[in-house]
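# Analysis of the macromolecular model
Listed here are the chains, written in short residue letters.
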Amino acid sequence: MTTSTRGAARVPAVLVLEDGRIFRGRAYGAVGETFGEAVFSTGMTGYQETLTDPSYHRQVVVMTAPHVGNTGVNDEDAESRRIWVSGYVVRDPARTPSNWRSRRSLDEELAAQGVVGISGIDTRALTRHLRERGAMRVGIFSGDAVRDDAALLARVQEAPQMKGADLSAEVATTEPYVVPAIGEKKFTVAAVDLGIKGMTPQRMAERGIEVHVLPATATVEDVYAVDPDGVFFSNGPGDPATADHPVSVMQGVLERGTPLFGICFGNQILGRALGFGTYKLKYGHRGINQPVQDRTTGKVEVTAHNHGFAVDAPLDQVSDTPFGRAEVSHVCLNDNVVEGLQLLDKPAFSVQYHPEAAAGPHDAAYLFDRFVSLMEGQRA
């Protein structure tokens, strides 16, 4: 429960981690209380896209960049219909936004959407703590929600954990919709929305693809009712170990041999569909500066990430799966986490990061072209 108020910057606020670490600062955005998983994002730009990314559902995002809000909020850059983060943590919020597209300040937008935040804390110390201890539950309290520390810690420890959370249906569309191709229509793609970002179908539309965005509850029959040339599985929040329905749908697509592309949560779904396991990372990858190597070309890319789970697949061998041979196609150069999969006997591949990369690097935009090539090859 949250309430917004003017003058929130003068209201004391408290951030409480589940291990008992406490940071004190000032309210930012709405005043009240909120809970979620504490994670940090290393991007220096693109905070509006971060806030509206459905993959951040039920997470409290700590910004490692010290100055946030400089360009305000506009009406063009949102990746979805609303802000999805459950809380927001910044060190030095901008006093006055300055950008020709700005329509309002970031703190005004947070307050309007009921997002409780905190400012004026040492985000570097908080980030180091999360790197050492791992992502964990957290609460932000301000105004009348502030009580004694022991009571606040008890509230945090009662909050649900991210492991085991099934969240994709909470953020996905409830009704199908179509994003038309720009220019000549060349292909039709069925996109299963597990928390899709608006720029993703836009990148496909730019390549002559008509995108039919389907709810997370879509069946195999729903997918093939649009007569797709290819099928796409999007990013999204939660634990992939709970995503039995999307895994079943993807297996149905793989059985038919339709060209398939998945990103982020979709990569984890492909991993499970092929028989691999998934696991929770200590603190995940979040930001727009993560180095990934495309093993099919040897090229190193700077990429945009937002994930706390990963696929457990062998890095240096080809694996036999129910759908043919599979291999790890991309790997993170920071920690050797699996960042992509591809089948060698069927037209299917996925990556763990975000090639649409709004407000981020465009090194991986070629992956949409790779998807187009698969559909062209299948049609030929």
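Just so it is clear, the structure is predicted and the values come from calculations on it, not from any experiment.

All right, on to unusual backbone geometry then. For C264, which is not glycine, the phi dihedral falls at a positive 60°. Relative to the helices and strands, C264 is located in the loop between strand 15 (260–263) and helix 9 (265–273). In this structure C264 comes out as buried when scored by relative accessible area, which is 1%. Even without glycine at this site, N336 takes up a positive phi of about 65°. Structurally, N336 can be placed in the loop between strand 19 (324–332) and strand 20 (338–343).

Before going further, it helps to examine the UniProt feature "domain: Carbamoyl-phosphate synthase small subunit N-terminal" (unreviewed entry) in the chain. Under the present numbering, the feature "domain: Carbamoyl-phosphate synthase small subunit N-terminal" (unreviewed entry) in UniProt falls on residues 11–141. For residues 11–141, the end-to-end C-alpha separation is 10 Å, with 18% helix and 36% strand making up the annotated structure.

Below, the discussion takes up the nonpolar core. Counting 34 residues, the largest nonpolar core has F233, M250, L254 and L274 as its most contacted members. Counting residues per element, the ones that place at least two in this core are strand 12 (187–192), helix 7 (220–224), strand 14 (230–233), helix 8 (244–256), helix 9, strand 19 and strand 20. Looking at this core, the element that brings in the most residues is helix 8, giving five residues. Apart from the residues within four sequence positions on either side, M250 is in contact with F233, L260, G266, I269, L270 and A273. Of all hydrophobic cores here, the second largest spans 23 residues; its members include F187, F349, A364 and M375.

Relative to the elements of secondary structure, D239 occurs in the loop between strand 14 and helix 8. Buried within the structure, D239 lacks any salt-bridge partner; its nearest side chain of opposite charge belongs to K163, at an N-O separation of 6.5 Å. There is a polar contact of 2.9 Å between the side chain of D239 and the backbone nitrogen of A241. Sequence-distant contacts of D239, that is, excluding residues within four places in its chain, are made with M162, K163, G164, A165, F265 and F309.

Okay, the domain arrangement of the chain next. Domain annotation of the chain identifies domain 1 (3–158) and domain 2 (168–379). Each of domain 1 and domain 2 has a C-alpha centre, and the two are 29 Å apart. Contact residues are listed per partner, giving 24 residues for domain 1 and 23 residues for domain 2. Where domain 1 abuts domain 2, roughly 1900 Å² becomes buried across the two surfaces, and 46% of that area is made up of carbon and sulfur atoms. For the pair domain 1 and domain 2, the number of links is one salt bridge. Here K280 makes a salt bridge to E37, at a shortest N to O gap of 2.6 Å. Counting across the interface, domain 1 meets domain 2 through 14 residue pairs in polar contact (both at pLDDT 80 or more). Of all elements in the fold, only strand 4 (31–41) and helix 3 (123–133) reach the threshold of two or more residues within the side of domain 1 that touches domain 2. Taken together, the residues of the side of domain 1 that touches domain 2 break down into seven nonpolar, nine polar and eight charged.

Reading the values: rules and limits
- Residues numbered from 1 in each chain as written.
- Predicted model: local features only at pLDDT ≥ 70, side-chain atom pairs only at ≥ 80, totals over all residues.
- Heavy atoms only, no water.
- Helix = DSSP H or I, 4+ residues; strand = E, 2+ residues; numbered from the N terminus.
- Buried < 20%, exposed > 50% of the residue type's maximum accessible area, 1.4 Å probe, protein only.
- UniProt positions renumbered as here; feature names shortened; annotations may be inferred.
- Core = buried A, V, L, I, M, F, W, Y, C linked by side-chain atoms within 4.5 Å.
- Contact = heavy atoms within 4.5 Å.
- Lys, Arg positive; Asp, Glu negative; His and termini not counted.
- Salt bridge = Lys/Arg side-chain N within 4 Å of Asp/Glu carboxyl O.
- Polar contact = N/O pair within 3.5 Å; in protein donor to acceptor, adjacent residues only side chain to side chain.
- Domains from an automatic or database assignment.
- Buried area = accessible area lost by both parts, 1.4 Å probe.
- Nonpolar A, V, L, I, M, F, W, Y, C, P; charged D, E, K, R; others polar.

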